[in-house]
Amino acid sequence: MRLTLALLGLVLATAVQARMLDVILHGWRLGKELVGMPSKAAHVAPHDAAAAAITATAEWLHAGFDTVEDQLFQKLVHPAFPAYQLRVAMDEPTAPFCDPNVRRISGYLDIRDDAHLWFSLFESRRSPSSDPLLLWLNGGPGCSSSLGMLMEMGPCWIDANGTSTRRNEYAWNAEANLLFLDQPLQVGYSYSENGALVDTSAASAEDVYAFLQLFLARFPQYAQLPFSVAAESYGGHYAPHIGAEIHRRNQAVGNVTAAAPLLHVALDSVMIGNGLTFPKVQFPSVVEYSCSPKNKYRLWEPDSETCRSLEKKSELCSVLIEQCDRFDSRLACVPAALFCWASLYGPMQELGVNPYDVRRKCDRGADGPLCYREIGWIEHYMNRDDVKAQLGVPRSLTYQSCNMEVNQRFLLQGDSMVNSAALLAPLLADGVRVLAYAGEADFMCNAIGIHEWVLAFDNVYHNEINNATETPMFVHGSAKPQRVGYTISAGEGHLAFAWVDNAGHMVPLDQPAVAQQIVNRWLAHESLA
């Protein structure tokens, strides 16, 4: 029996070594640095292949391996983040996912031993070595960034009924290395064995910063590229908190001991699409959006009973938000959140209108609870075993596009009432750029309120942005330039706002060519007009 067990162990060890060698050689052949090889290793002569593989293996084994449900991962730990480790999926997919012509990296950030954030990167279609690195986050709170990946700016779009995908020619990885992250915990492919949740934007930003440090340490070819964080909807809270956390930690990088080195994250900009960022300004704007005769998308006549009621409720909402700002406590902020969301957004729910695009009706029985059938298609697609295998995800995991338990936890912390715009002021003062863009047909985070908060929040460009001229934006892809909105900016483009015509909450879904032009120009430090 002992001999049999020993032989079995030898067979298993040999099989694991053979599998590891296959992955090493696969990474070497493709020149993709999947095993920690330096960039020039992709160009070594064939007779140097063995030496390169041995060097790579030594580095790789030092970090270690892990298997989860028969999937092989490379592990990376960081002395400055003892509670975290990065796991990079190493198995070669049986079929390409989404964009077969670009390099893709997927895996997990492990938090302790029982919590895991999923990520996936698609390299730039143009120049991965020089194009910027862009992190995309969807909002909710509680919604997966795979919605952006498969509905908006990702390399592919979900096809009808979620049976397949098709190429997105307007993808944001046309000129950027595009990184998707499911956060906070229990969102999308992210999970925890013990049901742990994160319920504030500040706490989630700490996890995102740790992820960036480990990811950039593992893939240093992206570390020197300009980095931007872009987020949508509740991402109007996420992005400022993440930007502020990066900025704060960047200040301390030089003071960290050599035993625990940190990378200076090359934070270039923060982008917010139809986001909730400055509640004190944005919640009162619901009345203006709903009732103003100047708004072509208004839902009620200005002299209606509904508009008069909304006006009164808005006044009380403003008082409650002021108390939240003053005391900065859960006891003050939760009452504001509960009252403001219910009283100002409740009447709209009775109209049968899509709150994310008031041009569209919503049949929740057919369209789903969030009024987009594509969300259900994505859930179907992402729960397929073959797709999970391609993305380094456990087969046993059930994917949800949006987790309402996470949503409620954030609500009951009063997180949505926090003034996140204030976090952007120090970034602007230190040269980090900020862009807010908004589709005009969105009710949930309306363009009027977003324009107003950009003008209202205190920052080094406050006076200049309030005196800025609205400049039309055009798309030049057709024979005749087409006007698609307007933009204002200050500080030679360091602070900008873009109003997008004929688009709702998800600008890249409704106006993909316009959204791609905005992001390409923004990341290239060019005028949006």
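Since the model is a prediction, treat every value here as computed from it, not as a measurement.

A look at the layout of surface pockets
Taken as a whole, the largest pocket spans an internal volume of roughly 870 Å³. Lining the largest pocket are 38 residues, with Gly140, Tyr356, Leu370, Asn407 and Met444 sitting closest to its centre. The set of elements that each furnish at least two residues to the lining of the largest pocket consists of helix H3 (146-152), helix H9 (330-349) and helix H13 (404-411). No other element matches the 7 residues that H9 contributes to the lining of the largest pocket. Of the residues contributing to the lining of the largest pocket, the split by class is 25 nonpolar, 10 polar and 3 charged.

Looking at the pattern of salt bridges
Once their charged atoms are close, side chains differing in charge can pair, the charge on each being opposite to the other. If you walk through the whole model with that rule in mind, you get 19 salt bridges. With its nearest N and O atoms 3.4 Å apart, the salt bridge here joins glutamate 440 to lysine 296. A residue pair is termed long-range when its members are at least 10 positions apart, and glutamate 440 in the loop between strand S13 (433-439) and helix H15 (447-456) and lysine 296 in the loop between helix H7 (285-291) and helix H8 (305-327) qualify at 144 residues. Residue classification places lysine 296 among the exposed residues on the basis of a relative accessible area of 60%. Between arginine 384 and aspartate 386 there is a salt bridge, and its shortest N-O distance comes to 2.8 Å. On the accessibility criterion, aspartate 386 (37% relative accessible area) is partly exposed.

With respect to the packing of aromatic side chains
Within the structure shown, the criterion is met by 27 aromatic pairs. Taking the centre distance of 5.6 Å and the plane angle of 85 degrees together, the rings of tyrosine 108 and tyrosine 191 count as edge-to-face. Of this pair, tyrosine 108 sits in strand S4 (residues 104-111) while tyrosine 191 sits in strand S10 (residues 191-192); the two residues are 83 residues apart in sequence, bridging distant segments of the chain. Considered together, tyrosine 108 and tyrosine 191 belong to a single accessibility category, that of buried residues. A connected cluster of aromatic rings, assembled from ring pairs, spans Phe119, Phe211, Phe215, Phe219 and Tyr222. Lying over the aromatic face of phenylalanine 219, arginine 218 brings its terminal NZ or CZ to 4.5 Å of the ring centre. In this arrangement the basic side chain of arginine 433 is found over the ring face of tryptophan 522, its NZ or CZ atom lying 4.2 Å from the centre.

Focus on empty space enclosed by the protein
Scanning the model with the defined rule gives 2 cavities of 30 Å³ or more in all. Taken as a whole, the largest cavity encloses approximately 50 Å³ of empty space. Every residue along the wall of the largest cavity is listed here: Leu276, Gln282, Ser285, Val286, Trp341, Tyr345, Met444, Cys445 and Asn446. Where the lining of the largest cavity is concerned, the elements lending two or more residues are H7 and H9.

Some thoughts on the packing of helix H4 (residues 201-218) against helix H5 (residues 235-252)
Close contact between H4 and H5 brings their axes to 8 Å; oriented N to C, the two are set at 55 degrees. Considering their axes alone, H4 and H5 lie oblique with respect to each other. Helix-helix and strand crossings are classified by hand; for H4 and H5 the assignment is right-handed. Taking contact as the criterion, the partners of Ser201, Ala202, Ser204, Ala205, Glu206, Val208, Tyr209 and Leu212 in H4 are, on H5, His237, Tyr238, His241, Ile242, Glu245, Ile246 and Arg249. Residue composition of the contact of H4 with H5, grouped by class: 8 nonpolar, 4 polar and 3 charged.

Brief notes about the packing of H8 against H9
Between H8 and H9, whose axes approach to 9 Å, the crossing angle comes to 160 degrees. It follows that H8 is roughly antiparallel to H9 by the angle criterion. Of the two elements, H8 crosses H9, and the hand of that crossing is left-handed. Contacts from Thr306, Leu310, Lys313, Ser314, Leu316, Cys317, Leu320, Ile321, Gln323, Cys324 and Phe327 of H8 reach H9 at Ala332, Cys333, Pro335, Ala336, Phe339, Cys340, Ser343, Leu344 and Pro347. In the contact of H8 with H9, the residues fall into 15 nonpolar, 4 polar and 1 charged.

Side note on the state of the cysteines
Taken as a whole, this structure holds 6 disulfides when the rule is applied. Here cysteine 317 connects covalently by a disulfide to cysteine 340, the sulfurs 2.1 Å from one another. Of note, the bridge from cysteine 317 to cysteine 340 carries an S-S torsion of about 115 degrees and is right-handed in sense. Of this pair, cysteine 317 sits in helix H8 while cysteine 340 sits in helix H9; the two residues are 23 residues apart in sequence, bridging distant segments of the chain. The residues cysteine 317 and cysteine 340 share a single accessibility class, namely buried. Each disulfide pairs two cysteine sulfurs, and for cysteine 324 the partner residue is cysteine 333, the sulfurs being separated by 2.0 Å. Given an S-S torsion of about 85 degrees, the disulfide between cysteine 324 and cysteine 333 has right-handed geometry.

The rules behind the values
- Residues numbered from 1 in each chain as written.
- Predicted model: local features only at pLDDT ≥ 70, side-chain atom pairs only at ≥ 80, totals over all residues.
- Heavy atoms only, no water.
- 1 Å grid on protein atoms, 1.4 Å probe; cavity = no way out; pocket = protein on both sides within 12 Å on 5 of 7 lines; lining within 4 Å.
- Points joined across faces, edges and corners; volume = space filled by probe spheres on them.
- Helix = DSSP H or I, 4+ residues; strand = E, 2+ residues; numbered from the N terminus.
- Nonpolar A, V, L, I, M, F, W, Y, C, P; charged D, E, K, R; others polar.
- Salt bridge = Lys/Arg side-chain N within 4 Å of Asp/Glu carboxyl O.
- Buried < 20%, exposed > 50% of the residue type's maximum accessible area, 1.4 Å probe, protein only.
- Phe/Tyr/Trp six-rings, centres within 6.5 Å; stacked < 30°, edge-to-face > 60°.
- Lys NZ or Arg CZ within 6 Å of the ring centre and 35° of its normal.
- Axes fitted to C-alpha atoms, helices over the stretch in contact; angles between N-to-C directions.
- Parallel < 35°, antiparallel > 145°, perpendicular 65-115°, else oblique.
- Left-handed = near helix turned anticlockwise from the far one by under 90°.
- Contact = heavy atoms within 4.5 Å.
- Disulfide = S-S within 2.5 Å.

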